[in-house]
Amino acid sequence: MQAGFWRRHRWLKWVGGGLLVAFAVLTGAVLTLAHRAEPIVRAYIVQGLQDHFHARVELDSFHLTLRNGLWAEGNGLRIWPPAEVEGVRVPGYAGPPTPLIRLDEFRFHAPLDYKSGQAIRISVVQLKGLDVDMPPRPHFDHGAEAAKGTSAVPATGGARLLRFQVDSLECNGAHLTVETSKPGKLPLEFAIAHLTLTGIRAGGPMNFDAELTNPRPVGTIYTKGSLGPWLVADPGESPIVGDYRFDHADLSGFKGIAGILNSTGHYQGTLRDMVVDGETDTQDFQLTHFGTTLPLHTKFHAYVDGTNGDTQLEPVEATLGHSHFWTRGQIMRVAAVAVGKSGLRPAGHEIALTINVDRGRIEDFLRLASRSRTPLLTGALTMKAGLEIPPGPVPVHERLKLTGTFALDDVQFASAKIQDRIRELSARGQGRPKEAKATGEDEVRSTMKGSFLMASGLVTLPELEYAVPGAVIDLKGTYGIEGGLLNFAGTAKMQATVSAMVGGWKGLLLKPVDRYFQKDGAGTEVPIHINGTRANPQFGIDFDRMKGKPAQRPDQPQ
C-alpha cells in the first residue's frame, strides 16, 4: 500500500529532494560567507582597537557564525601600551614586558539587518579574563604635551564599509594593576568580580557598575559611576567619579585588630589620583590580644595615590566609645626591604598619624588595651600625640609607637584601695587629718597631666603631675599594659606641714621637724614611690632619699 502511495505521489519525493539540496546549498553559502567574513571582521576589530589605543594589537583567534544573526567570539586579545602619543614617539621605547590589556576571550551577537552607512549595533559584548596592567607615569611623560587633553577618539582613515556600535560591555573576572615608578613601593591591584560598562561612545565618558572583591580587609565593594574619556596621552590621567559601598569587611585580616567594618563614600579624580570622602562604622572594633570591643565610627577626607595606594588623611573625625578625636597623616604601602645585616622589614602598610583628642574619656582607651572591662581609672581626656605603626608579623599593640602629651580631669581610680589613699592624701594635705579616715564622703576631684611614650607594650611617663586638693605629686616611671605592673618614683608636695597633717598631740610633738620638710613653698615635701600592680599597688616613702642618698631609678628593683 505504501509503495502504491509513493508511485502515485512521486512528485513529493522530487520536492523533498529539492528542499534538501537547496538547504545544503544555503548552508554551504552561509558557511562560506561566514568563513570569508571572518578575516574582514577580525581586521576591522584589530584596526579599530589600534586606532583607539594608538598601539599594537594582537588577536590569537576569531570565529564567526551566521545563525539567527551574527555570532562572534575571539580568544587571546592583547593590547600593548602606545609606542607613540599622537605621533610623538616615546623616547627609548623598546616595548614593555607585559601588555596594557590582556583578554582571555570575548563574544557578541549582532542582528543581520545591516544598512549602508549605518553602524551594526551590538547590544552586549561579553568579556572573560580581563587583565589591565597600567605602566607608571614616566612611560607616558614623553610626548604627553603634544597630546595633552586628547581623548581616545579613533582615527578616521577614510570611510569604512563596516562600523560597529557597542551598547554595553559585561566582564566577569577582571584584574587591574596600576604600576608605580617610586622605589620601595608596591603596585596597586584590584580584583574585579563583575564589571558592566554602558554609554560607550568614542571620545566620551562611559558609565560603570562594578563589584570588587577586596583581599585585605576581606569584603565586597560595590561601586558605580563614570570613567573617561580615556586619555591616550596617559590612561592613568583618565577622569573617574563614583560612589562606593563596602560591606562586611573583616578586619581580622590585619594581625592584631578585629571587627566588621562597613563603609560608604564618594570619590573623584583620575585613575592615579583620587579624592575620597566617606564614613566607616565598626561596632565591634578590638585589639585581638586583649579582646575588649568598642564601637568605632569615622568620617574622613582622603587623597589616594592610585599608583601605589598611598593614602593621605586630611582629616579623619573619629568617635571611639564616648571619645571624640581628630587625626591626620598617611598610610603607605611599602615593599620588603633589608634592615641591617640580617634583618628584613616585611612588606605591608606603614602608618604615621597625628592624633588630637579634644573630647575624650581615658576609660575608652584603657578598655581597648586591657582584658578587663573595668579600666584602671576614669576621667575626661585631652591628648595630642603621634602614632607610628610599621608593617610586620607581630600584633599591632606590640608594633605601635605612641608619643605625646595628655591632660586628665576629674580622675577617679577604679581601685577602692587607691581611691581611699587619694582621699586620705587630700585631707591630710589640706591639714584636716580628722577627715582622712572618713567614709561615705564625696569622691575627691583630681587632675593628671604629663608626657608619655607607649611602645612594645610598655607605657613610659618621663613626667607626670597628679594633683588633688591639698597635694601635688610629681612622678616618673613605667606602667606595663599586659600585667599592669607599676614602677614609679617622685615627690609629694602638701600644702600643710607635717604637724598639721598628723594633727592632735602627735602633731604637736612634730612641730619642731616641720622646717625639715618645708621646701619651695610647700608645707611638706617627701620622696615617694609606687610599686606593685594595678590590682595591688604599694605606696611608700623613700627614706633613703630623705637622708640625701641618690634617688632610685623607677626601673630598679626595690
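Look up a bit, the structure's there.
As the structure is a prediction and not an experimental result, all values here were calculated from the model.

Visitor: Even after reading the chapter, I still don't get the pattern of salt bridges, so can you show me in this structure?
Guide: Where side chains of opposite charge bring their charged atoms close, a pairing between them can arise. Inspection of every chain in the model, using the stated rule, returns 16 salt bridges. Of the charged contacts, one joins aspartate 420 and arginine 423 as a salt bridge, the two residues approaching to 2.8 Å between their closest N and O atoms. Placement of both aspartate 420 and arginine 423 in helix α6 (residues 416-429) is noted, with a separation of three residues, approximately one turn of the helix. A salt bridge links glutamate 435 to arginine 432; its shortest N-O distance comes to 2.9 Å. Residue classification places glutamate 435 among the partly exposed positions, given a relative accessible area of 40%. Look at arginine 432 and you get partly exposed, because its relative accessible area is 34%. A cluster of three or more residues bridged by salt bridges with shared partners is formed by Arg56, Glu58, Asp60 and Arg78.

Visitor: Even after reading the chapter, I still don't get the packing of aromatic side chains, so can you show me in this structure?
Guide: Two measures describe an aromatic ring pair: the distance that separates the ring centres and the angle between the ring planes. Summed over the entire model, instances satisfying the criterion amount to four aromatic pairs. Arranged with centres 6.2 Å apart and planes meeting at 55°, the rings of phenylalanine 325 and phenylalanine 365 form a pair that is tilted. You can see phenylalanine 325 sitting in strand β17 (residues 323-334) and its partner phenylalanine 365 sitting in helix α4 (residues 362-368), a full 40 residues away along the chain. Given a relative accessible area of 23%, phenylalanine 365 falls into the partly exposed group.

Visitor: Hey, could you run me through unusual backbone geometry in this one?
Guide: Glycine aside, residues mostly have negative phi, and peptide bonds are mostly found in the trans state. In this chain, glycine 228 is followed by proline 229 through a cis amide linkage whose omega measures 5°. Relative to the elements of secondary structure, proline 229 occurs in the loop between β10 (218-227) and β11 (239-250). A cis geometry characterises the amide bond from glutamate 314 onward to proline 315, with omega recorded as -15°. When you line up the elements, proline 315 lands in strand β16 (residues 311-320). Unlike most non-glycine residues, aspartate 410 shows phi in positive territory, near 55°. In this fold, aspartate 410 is placed in strand β22 (residues 401-413). Of note in the backbone geometry, aspartate 520 takes a positive phi value of approximately 50° without being a glycine.

Calculation criteria
Residues numbered from 1 in each chain as written. Predicted model: local features only at pLDDT ≥ 70, side-chain atom pairs only at ≥ 80, totals over all residues. Heavy atoms only, no water. Salt bridge = Lys/Arg side-chain N within 4 Å of Asp/Glu carboxyl O. Helix = DSSP H or I, 4+ residues; strand = E, 2+ residues; numbered from the N terminus. Buried < 20%, exposed > 50% of the residue type's maximum accessible area, 1.4 Å probe, protein only. Phe/Tyr/Trp six-rings, centres within 6.5 Å; stacked < 30°, edge-to-face > 60°.

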